[in-house]
Amino acid sequence: MDARELAVRDAFEFTPRTFPDSRGVFVAPFQESAFVKAVGHPLHVAQVNHSRSVRGSIRGMHFADTPPGQAKYVSCARGSLLDVVLDVRVGSPTFGHWDAIRLDDVECRAVYVAEGLAHGFVALEDDTVMTYLCSTSYNPAAEHGFTPLDSDLALPWPTDLAPVLSAKDASAPTLADAEAAGLLPHYQDCVAHYERLRSR
């Protein structure tokens, strides 16, 4: 499995080897040894989420209070999607930067989103299935988001798709409003959290 850090610090792309044969294909999208080598600590999985989306559905942009935050290891089990990670950690060298990776059921790549980063994706075809390995259980009181259509961010949603949003995501604030409200995590708090994970 190959790994590389994205343009957003503390986010990684993982590309596994696929094994096709006459029956179909076998692949291991998550491999602990490769993950630990890249990230520096194991992934504690507290919850596994599974979503199925129609073409044009945007889920995001979401982040959680850190610590403890919620890290995510995401892969596409069916269909295809554009996965977007954005640094919302106040004080981070890559604050406001984003990176986007196409995930699909052919190359079976995965993306790791560290605690404190914002995450979202758009389904590129109907019946797209995303699987998320989450480091903590869902805590609605600690979960936040901002509108994925924030014009100041110019996130790379395909222009040929009509966006389909939940009511919650459609009414979410802009990133600037979320920052003004004090909702964004702080980089130094996140770094301290990552160091605690690596020292265990």
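See the structure shown above.
Residues numbered from 1 in each chain as written. Predicted model: local features only at pLDDT ≥ 70, side-chain atom pairs only at ≥ 80, totals over all residues. Heavy atoms only, no water.

Caption draft 1: Highlighting the side chain of Asp 104. One can find Asp 104 in strand S9 (residues 98-104). Reaching out from Asp 104, the side chain makes a polar contact with the backbone nitrogen of Glu 107 at a distance of 2.9 Å. (Helix = DSSP H or I, 4+ residues; strand = E, 2+ residues; numbered from the N terminus. Polar contact = N/O pair within 3.5 Å; in protein donor to acceptor, adjacent residues only side chain to side chain.)

Caption draft 2: Summary view of unusual backbone geometry. With omega at 0 degrees, the peptide bond leading from Thr 66 into Pro 67 counts as cis. As for its position among the elements, Pro 67 is in the loop between strand S6 (58-64) and strand S7 (72-78). Residue Pro 68 is reached from Pro 67 by a cis peptide bond, and omega for that bond is -5 degrees. Along the chain, Pro 68 turns up in the loop between S6 and S7. Look at Cys 108: it is not a glycine, yet its phi comes out positive at around 60 degrees. When you line up the elements, Cys 108 lands in the loop between S9 and strand S10 (110-113). The exposure class assigned to Cys 108 is buried, which follows from its relative accessible area of 10%. The backbone of Asp 127 sits at a positive phi, close to 60 degrees, despite the residue not being glycine. Note that Asp 127 resides in the loop between strand S11 (117-123) and strand S12 (128-134). (Buried < 20%, exposed > 50% of the residue type's maximum accessible area, 1.4 Å probe, protein only.)

Caption draft 3: Representation of helix H1 (residues 32-39) in the model. Considered for burial, the residues of H1 that qualify are Ala 34, Phe 35 and Val 39. One face of H1 carries all of its buried residues, which in axial projection span an arc of 110 degrees. Exposed side chains of H1 directed beyond 90 degrees from the buried face belong to Ser 33 and Lys 37. The elements touched by buried residues of H1 are strand S2 (11-15), S7, S10 and helix H4 (187-199). With its phi angle positive at about 100 degrees, Gly 40 sits one or two positions after the end of H1. (Arc of directions from axis to C-beta. Contact = heavy atoms within 4.5 Å.)

Caption draft 4: Main features of the packing of aromatic side chains. Applying the stated rule across the entire model yields nine aromatic pairs. Seen from their ring centres, Phe 63 and Phe 146 are 6.3 Å apart, and the 40 degrees between their planes marks the pair as tilted. Of this pair, Phe 63 sits in strand S6 while Phe 146 sits in the loop between strand S13 (143-145) and helix H2 (167-170), and the two are 83 residues apart along the sequence. We note that Phe 63, like Phe 146, is buried. Put simply, the rings of Phe 12, Phe 14, Phe 30, Phe 35, Tyr 73 and Tyr 112 touch in pairs and so form one group of aromatic residues. (Phe/Tyr/Trp six-rings, centres within 6.5 Å; stacked < 30°, edge-to-face > 60°.)

No statement about biological role is implied by the geometric values presented.
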